[in-house]
Amino acid sequence: MAELQRHWQPRELHQGIDESELSWRIDRLMCAGFDPLTARILALRGHKNPQEAKAYLEPSLTHLPDPFAMRDMERAADRVAAAVLRGERVMVSGDYDCDGQGGTALLVEFLRDLGVEISYFLPVRDVDGYGLSERAIRDAAQEGVKVIISVDCGTSNVHEADVARQLGISLIVTDHHQPPDVLPQAFALVNPHQKDCPFPGKELSGVGVAWYLAAAVRSILRKRNYFANRPEPDLKKALDLVALSTVADLVPITGVNRVLVKHGLSVMEQEGRLGLVELAKVAGVKRYSCGTIGFSLGPRLNAGGRLADSRVGVQLLMADCAEKAQEIALELDALNHERQQIEAQILDQCIERIEAGEQGHKSIVLAGEGWEAGVVGIVASRLVERYHKPCVLIALDGNGQGKGSARSIKGFHLFEQLGRCADTLIKFGGHEYAAGLSIEEDRVADLARELDALACTTLSDEDMVPRLYYDAEVGLGDLSVGVVERLSQMEPFGMGNPGPVFVVRGVSPRNARAVGTNHLSFLACDDATGAIKAIAFQQAEKLARLSGEVKVDLLFSPSINEWQGQRSVQLEIKDMRVSEQGGGALC
């Protein structure tokens, strides 16, 4: 099966914005001094007046909502503050991904600064599974721990919460996953997705909830004069961890998250956390951004939890010795290379099976022995990109059970749909677009049948066509360095806040050549403007079709290329096709 043809669609159609409404927004913004292109992009991001646009372009920490607006936050923070004042032992229990690692490091550093005797636990995927560990809770009780704070997990751990309560431990759950019907009876459950939780920042990641808990604890201790003779922890300095883990967890960079990430990226540049500096070196990262976090730093931190021990990631983030930080960074880099090799092998196997017909009408469910449980989620994402179908991949353990990861497309809410298949599963949890599950091997076929029936009922044929959205059609002459710099003020870009994407039609590709591992470089030329450098990542296979007098339409994001002191516009190609006058499709 060939890769699917992508449909290009104006963003206003995707968002259902009336043309007159869009024009009204653009006019208001232009009257306030915004140039037409910037005004259009801002209007398409939902900004209806200059005040909204300014708040978006200049997100301030003073605009963040009150931590105590989150359900159960006051009870949770008061209990942690009491532990600080009483000198009780506390343990932080995080998830094994980058979000859990960052949130764990944040709370451990915060509580350590408060003088707490603190320890932390992160599960080993193949030993402990996902979420809170009964073994870890019992060990903590033996060690005299009185408070356990979960990070990025715990909302589904009903049994483990009961164990903690029976052992006299106050369990405080901080999480952002969708709550199940039955909630754990924890001392406090802090999750903005709970029913009746008035907190406006539903998009928070696990590390974001943990940062808010720290802010609430500090507020209570401040009122109790705890800082009369000791310095207050500076939570702004912890925003580097918030930005890192929020971006890596692929949650929307909107609302509260946009404020946190914007300031967190600045902290990353200014403070120079030792572990991140060393990780950036081995990853070849020269500038911190959502892109470099998502494609370079996050995958390396996640590699520890996928293939080995996620605690090495926490150790790196809290490292205070350059030599040790470099050693861990190199270890994570090696694990990431190993992860890439394993991923490629599983992906090839899956594609072979799918091309042989092993898939549903509108979904993919595959299981295999010898697959690495920590990698199947990435492969599932690759398959969704290729086939545009909800996908579940299950790593069978050889003993009759399997652990799976699922990824989805717009219109098919994974958490809700898996809930309708709950009878076939041991357990599951997750979000709209990503989920994890455990299943008996002999129920895999049942899951495949039930999930495909749900997909066929829920998804229309139109839903199965992948779409790429663009903000405007432009000419190459519209893209000056000044224009692109103004557009960059809308960073950070990411989930929910996509970078500007444009279409230019009928340009001539010149000097096309393959570069790097699988990239395509060429000059985009027209008669009026001249040439602009273009780079198409992972599209080198299209090189042969850019010869002769072909003219192409390009879907791209503009960026600034810096080389030997010179700054110029560069087009980062998302997709391309032969122009109508050239006939046919390129991809």
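The structure displayed is predicted, hence computed values, not measured ones.

Draft legend 1. Summary view of the pattern of salt bridges. In this structure the tally under the stated criterion is 32 salt bridges. Here Arg 25 and Glu 21 are joined by a salt bridge, their closest N and O atoms 2.9 Å apart. Of the two residues, Arg 25 and Glu 21 both sit in helix H2 (residues 19-31), four residues apart, roughly one turn of that helix. We note a salt bridge from Arg 567 to Glu 485, for which the minimum N-O separation is 2.2 Å.

Draft legend 2. Summary view of the nonpolar core. With 83 residues, the main nonpolar core has Leu 111, Leu 114, Trp 211 and Leu 297 as its most contacted residues. Residue contributions to this core peak at 12 residues, all from helix H10 (residues 206-223). When sequence neighbours within four positions are dropped, the list of residues in contact with Leu 297 reads Leu 244, Met 268, Leu 279, Ala 280, Ala 283, Val 285, Tyr 288 and Thr 292. Counting residues in hydrophobic clusters, the runner-up holds 42 residues, among them Ile 342, Val 376, Leu 383 and Met 464.

Draft legend 3. A look at the sheet that holds strand E9 (residues 401-407). If you walk across this open sheet you meet the five strands as E7-E8-E9-E11-E10, and the pairing is mixed. A strand with exactly one partner marks an edge of an open sheet, and here the two such strands are strand E7 (364-369) and strand E10 (427-430). Along the sheet, successive strands turn relative to each other by an average axial angle of 15°, direction set aside. Relative to strand E11 (residues 434-440), E9 runs antiparallel, the two sharing seven bridges. Bridging from a neighbouring strand, Ser 405 pairs with Gly 436 of E11. Those strands touched by helix H16 (residues 322-355) are E7 and strand E8 (391-396), and its axis lies near 125° from that of E7. In the packing of helix H17 (residues 376-387) onto the sheet, the strands contacted are E7, E8 and E9, and the crossing angle to E8 comes to about 150°.

Draft legend 4. Spatial organisation of the sheet that holds strand E5 (residues 170-174). With parallel pairing, five strands are arranged side by side in an open sheet as E3-E2-E4-E5-E6. The open sheet terminates on both sides in strands that have one partner only, identified here as strand E3 (118-121) and strand E6 (188-190). Taken over all neighbouring pairs, the strand axes of this sheet differ in orientation by 20° on average, direction set aside. Inspection of the sheet shows strand E2 (residues 89-94) paired to E3 by four bridges, in the parallel sense. Looking across to E3, one finds that Val 90 is bridged to Ile 118.

Draft legend 5. How the structure looks around the packing of helix H3 (residues 36-44) against helix H20 (residues 481-488). One can describe the packing of H3 onto H20 by two numbers: an axis separation of 10 Å at closest approach and a directional angle of 25°. Relative to H20, H3 is oriented roughly parallel. Considering the relative orientation of H3 and H20, their crossing is right-handed. Note on element contacts: H20 touches H3 through Val 483, Arg 486 and Leu 487, opposite Leu 37, Thr 38 and Ile 41. Residues belonging to the contact of H3 with H20 are distributed by class as follows: four nonpolar, one polar and one charged.

Draft legend 6. Up close: the packing of aromatic side chains. Per the counting criterion, the structure on display carries five aromatic pairs. Pairing Trp 211 with Tyr 212 gives two aromatic rings, centres 5.5 Å apart and planes at 85°, and the pair type is edge-to-face. In this structure, Trp 211 and Tyr 212 share a single accessibility class: buried. Both rings, one in Tyr 226 and one in Phe 227, keep their centres 5.6 Å apart while their planes meet at 80°; by these two values the pair is edge-to-face. Relative accessible area serves as the criterion here: at 17%, Tyr 226 is assigned to the buried category. Using a relative accessible area of 12% as the deciding quantity, one classes Phe 227 as buried.

Draft legend 7. Highlighting a negative patch on the surface. Taken together, the side chains of Glu 369, Asp 397, Glu 440, Glu 441 and Asp 442 define an acidic patch exposed on the protein surface. Within the fold, Asp 442 resides in the loop between E11 and helix H19 (444-458). Given a relative accessible area of 64%, Asp 442 falls into the exposed group.

Draft legend 8. Looking closely at the layout of surface pockets. Within this model, the second largest pocket holds a volume of roughly 320 Å³. If you go around the second largest pocket, you meet 17 residues; those closest to its centre are Glu 109, Asp 113, Lys 237, Ala 238 and Arg 273. Per element, the largest residue contribution to the lining of the second largest pocket is five residues, and it comes from helix H6 (residues 98-113). A breakdown of the residues in the lining of the second largest pocket according to their chemical character gives eight nonpolar, one polar and eight charged.

The rules behind these values
Residues numbered from 1 in each chain as written. Predicted model: local features only at pLDDT ≥ 70, side-chain atom pairs only at ≥ 80, totals over all residues. Heavy atoms only, no water. Salt bridge = Lys/Arg side-chain N within 4 Å of Asp/Glu carboxyl O. Helix = DSSP H or I, 4+ residues; strand = E, 2+ residues; numbered from the N terminus. Core = buried A, V, L, I, M, F, W, Y, C linked by side-chain atoms within 4.5 Å. Buried < 20%, exposed > 50% of the residue type's maximum accessible area, 1.4 Å probe, protein only. Contact = heavy atoms within 4.5 Å. Pairing = 2+ DSSP bridges. Axes fitted to C-alpha atoms, helices over the stretch in contact; angles between N-to-C directions. Parallel < 35°, antiparallel > 145°, perpendicular 65-115°, else oblique. Left-handed = near helix turned anticlockwise from the far one by under 90°. Nonpolar A, V, L, I, M, F, W, Y, C, P; charged D, E, K, R; others polar. Phe/Tyr/Trp six-rings, centres within 6.5 Å; stacked < 30°, edge-to-face > 60°. Patch = residues over 30% accessible without salt bridge, like charges linked within 9 Å, V, L, I, M, F, W, Y side chains within 5 Å. Areas by Shrake-Rupley, 256 points an atom, 1.4 Å probe, with all protein chains shown as cover. Lys, Arg positive; Asp, Glu negative; His and termini not counted. Charge placed at Lys NZ, Arg CZ, Asp CG, Glu CD. 1 Å grid on protein atoms, 1.4 Å probe; cavity = no way out; pocket = protein on both sides within 12 Å on 5 of 7 lines; lining within 4 Å. Points joined across faces, edges and corners; volume = space filled by probe spheres on them.

Nothing here speaks to function; it is all geometry.
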